[in-house]
Amino acid sequence: MVSKDENKILRESFEQAANIYQQARPEYPEELFEDVIRAAQLSSGDRLLEIGCATGKATLPLAERGYNITCIELGAELASAARRNLAGLNVDIINGSFEEWQPESEAGYDLVYAATAWKWIDPEVRYMKAWQVLRPGGHLAIWSANHVFPDDGDPFFREIQEVYYELGEGKEVAQNDWPRPGELPEEKAEIETSGLFEVVHLRHFDWELVYTIDDYIQLLNTFSGHILMEEWKREKLYQEIRVRLEARTEKTVRRHWGAVLHVARRIG
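Within every chain, residues take consecutive numbers counted from 1 along the sequence as written. Local features in a predicted model are, by the rule used here, given only for residues with pLDDT of at least 70; side-chain atom pairs are given and counted only at 80 or more, and totals for whole chains, interfaces and linings are based on all residues. To obtain the side-chain values, all non-hydrogen atoms of the structure were included, while hydrogens and water were left out.

Engineer: When you look at the side chain of Lys57 in this model, what are you seeing that I'm missing?
Structural biologist: Each helix is a run of H or I in the DSSP string that is no shorter than four residues. Each strand is a run of E no shorter than two, and both are numbered from the N terminus. Within the fold, Lys57 resides in the loop between β1 (47–51) and α4 (60–63). Classification of Lys57 as buried rests on a relative accessible area of 5%. For the purposes of these results, a polar contact is taken to be a pair of N or O atoms within 3.5 Å, where, inside protein, one atom must be able to donate a hydrogen and its partner to accept one; residues adjacent in sequence count only when each atom of the pair is a side-chain atom. Of note is the side chain of Lys57, whose polar atom sits 2.8 Å from the backbone oxygen of Arg25. A contact between two residues is defined here by any heavy atoms of the two lying within 4.5 Å. When residues no more than four places from it in sequence are discounted, the contact partners of Lys57 are Tyr21, Gln22, Arg25, Pro26, Glu27 and Tyr28. Categorising residues by exposure relies on relative accessible area from a 1.4 Å probe, with only protein chains included: less than 20% of the type maximum marks a residue as buried, more than 50% marks it as exposed, and the intermediate range marks it as partly exposed.

This is the structure we're talking about:
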């Protein structure tokens, strides 16, 4: 298990990817946002609070639908990038940690949500803090973009693991059980164990993206494990990735993404 100090280092590492994050990270499926809107019973003009917006990947689709969004982003560079990406929309970006942030007045948000950010928030704080800033009957929505491995998926990812292990990075970089689409862990029990929320909607999503060699390496440069990797290891890894993908006729790699959307209603 990652310690609090290690979690802090990993959480803050994304600052180093602020200039490439928006382009490199995948878009979430439009259907996912439609599910959030339906399950949380949102209406145009509702007030949303996003935890860890990064550069605005999950902010833009909702802001363009007419919602008023406040974002709490820990990284100063990420927050600056988000302000540029969301200019002209009804979005307020606050640079700070969700755990320490205090709303200026009785907040009463209609939705609190986190996209690939919830796991970084202190588990002893996150549910209670979200409950406190929601209006009665408001909703919490959380999801993350993760790697999934369909049976007919690209074999590259299993093959490249030998390089990670040779570099002494295998356990940290590849610590998963190769989940298939639909097999990602669900957080329903944890959410409801808080005693503060009732899950009203849960759905698995999966989608595939094809990456050029440069685009795939740029994606890796937005992952904390690769950002914090020793430079010589990272150079060796990327060199090997280039050699292997250059040997392919199409010179691309197929990556399957998965997400589990949880929408929960505030109790009390």
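Alright, that's what it looks like, and here's the rest.
Engineer: I tried to follow the packing of aromatic side chains on my own but got confused; where do I start?
Structural biologist: Centre distance and the angle of the planes are the two values used to describe a pair of aromatic rings. A pair of Phe, Tyr and Trp rings is counted when the ring centres sit within 6.5 Å of each other, with Trp represented by its six-membered ring. The angle between the planes then sorts it: under 30 degrees is stacked, over 60 is edge-to-face, the rest tilted. One pass over the structure, following the stated rule, counts 15 aromatic pairs. Between Tyr28 and Trp143 the ring centres are 5.7 Å apart and the planes differ by 90 degrees, which places this aromatic pair in the edge-to-face class. Highlighted residues: Tyr28 in the loop between α2 (21–24) and α3 (30–39) and Trp143 in strand β5 (residues 134–143), separated in sequence by 115 residues. Assigned by exposure class, Tyr28 and Trp143 land together as buried. Both rings, one in Tyr127 and one in Phe197, keep their centres 6.4 Å apart while their planes meet at 55 degrees; by these two values the pair is tilted. Here the residue Tyr127 occupies a position in helix α6 (residues 126–133), and Phe197 occupies one in strand β7 (residues 197–212), the gap between them amounting to 70 residues. Of the residues examined, Tyr127 reaches a relative accessible area of 6% and is grouped as buried. Owing to a relative accessible area of 1%, Phe197 belongs among the buried residues under this scheme. Site record: aromatic cluster; members linked through ring pairs are Phe149, Phe156, Phe157, Trp178, Tyr211 and Tyr216.

Engineer: Would you mind showing me how to read the nonpolar core here?
Structural biologist: Judged by nonpolar contacts, the single largest core of 53 residues is most densely connected at Ile69, Tyr113, Trp143, Tyr216, Leu237 and Ile241. Beyond its immediate sequence surroundings of up to four residues, Trp143 is in contact with Tyr28, Leu32, Phe33, Val36, Ala58, Tyr113, Ala114, Ala115, Thr116, Val260 and Leu261. Counting 22 residues, the second-largest nonpolar core is a separate cluster that includes Val112, Ala117, Ile121 and Leu134. Nine residue types can take part in a nonpolar core, namely buried Ala, Val, Leu, Ile, Met, Phe, Trp, Tyr and Cys, and a core is a set of them joined through side-chain atoms within 4.5 Å.

On their own, these measurements won't tell you what the molecule is for.
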